[in-house]
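Listed below are the residues making up each chain.
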Amino acid sequence: FDYEDQGTIRFFRTKNGVERTEFLMPHTKEALLFWRDHLDYNRRKQGILEPLTDRVICHIDGRPLERFYKSWWIACRIAGLKDFHFHDLRHTFTSLMLLRGAQLKVISEALGHASVAFTMDVYSHIIGGMQEDAMRLLDEVMPEGASRDFSVSLASSR
């Protein structure tokens, strides 16, 4: 991947072979750039002058971490998160974005899904619960008595 100045990150080798650009939260971009600078600094201290590879989570010489998932499990246990799989981050992201009202198309693109329909199928359990919340919100903005008057007119038209 490659960092871009606009707060995005571009992935060149994705699972389905499609180049993808992702937007980053500003503090995430800052943390990744800080870490890359830290790695570069330590590489230069050890006499490694070649540019850093496109990996962020790696050994100082750029090789991928062989035991990344073991490190993930240790970090989760330290944080008090038992049985929190790395892939669960995708589900957490999606759930939070849906609950905050992000557009489903935007979420689907961020996840790299081929279609919004696929995203809806996978996350229908969350979307279904949101429908009740949406109806409560609608009820709050309706003028006083409007929903009651509508139900009375429906009943009398039968």
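To be clear, the structure that these remarks concern was listed above.
Residues numbered from 1 in each chain as written. Predicted model: local features only at pLDDT ≥ 70, side-chain atom pairs only at ≥ 80, totals over all residues. Heavy atoms only, no water.

Describing the packing of helix α3 (residues 88-99) against helix α4 (residues 104-111)
- At a minimum axis distance of 10 Å, the contact between α3 and α4 shows a crossing angle of 165°. Judged on the interaxial angle alone, α4 and α3 are roughly antiparallel. Handedness of the α3/α4 crossing: right-handed. Each of Arg-90, Phe-93, Thr-94, Met-97 and Leu-98 in α3 lies in contact with α4, whose residues at this interface are Leu-104, Ile-107, Ala-110 and Leu-111.
- Classifying every residue of the contact of α3 with α4 by side-chain character gives seven nonpolar, one polar and one charged. (Axes fitted to C-alpha atoms, helices over the stretch in contact; angles between N-to-C directions. Helix = DSSP H or I, 4+ residues; strand = E, 2+ residues; numbered from the N terminus. Parallel < 35°, antiparallel > 145°, perpendicular 65-115°, else oblique. Left-handed = near helix turned anticlockwise from the far one by under 90°. Contact = heavy atoms within 4.5 Å. Nonpolar A, V, L, I, M, F, W, Y, C, P; charged D, E, K, R; others polar.)

As for the nonpolar core
- In terms of nonpolar packing, the biggest core is built from seven residues, these being Leu-98, Leu-104, Ile-107, Leu-111, Tyr-123, Ile-126 and Ile-127.
- Counting residues per element, the ones that place at least two in this core are α4 and α6 (124-141).
- No other element matches α4, which puts three residues into this core. (Core = buried A, V, L, I, M, F, W, Y, C linked by side-chain atoms within 4.5 Å. Buried < 20%, exposed > 50% of the residue type's maximum accessible area, 1.4 Å probe, protein only.)

With respect to a nonpolar patch on the surface
- Together, Met-135, Leu-138, Val-141 and Met-142 line one region of the surface with nonpolar side chains, adding up to about 390 Å² of accessible area.
- Structurally, the position occupied by Leu-138 is in helix α6. (Patch = residues over 30% accessible without salt bridge, like charges linked within 9 Å, V, L, I, M, F, W, Y side chains within 5 Å. Areas by Shrake-Rupley, 256 points an atom, 1.4 Å probe, with all protein chains shown as cover. Salt bridge = Lys/Arg side-chain N within 4 Å of Asp/Glu carboxyl O.)

These values are about where atoms sit, not about what they do.
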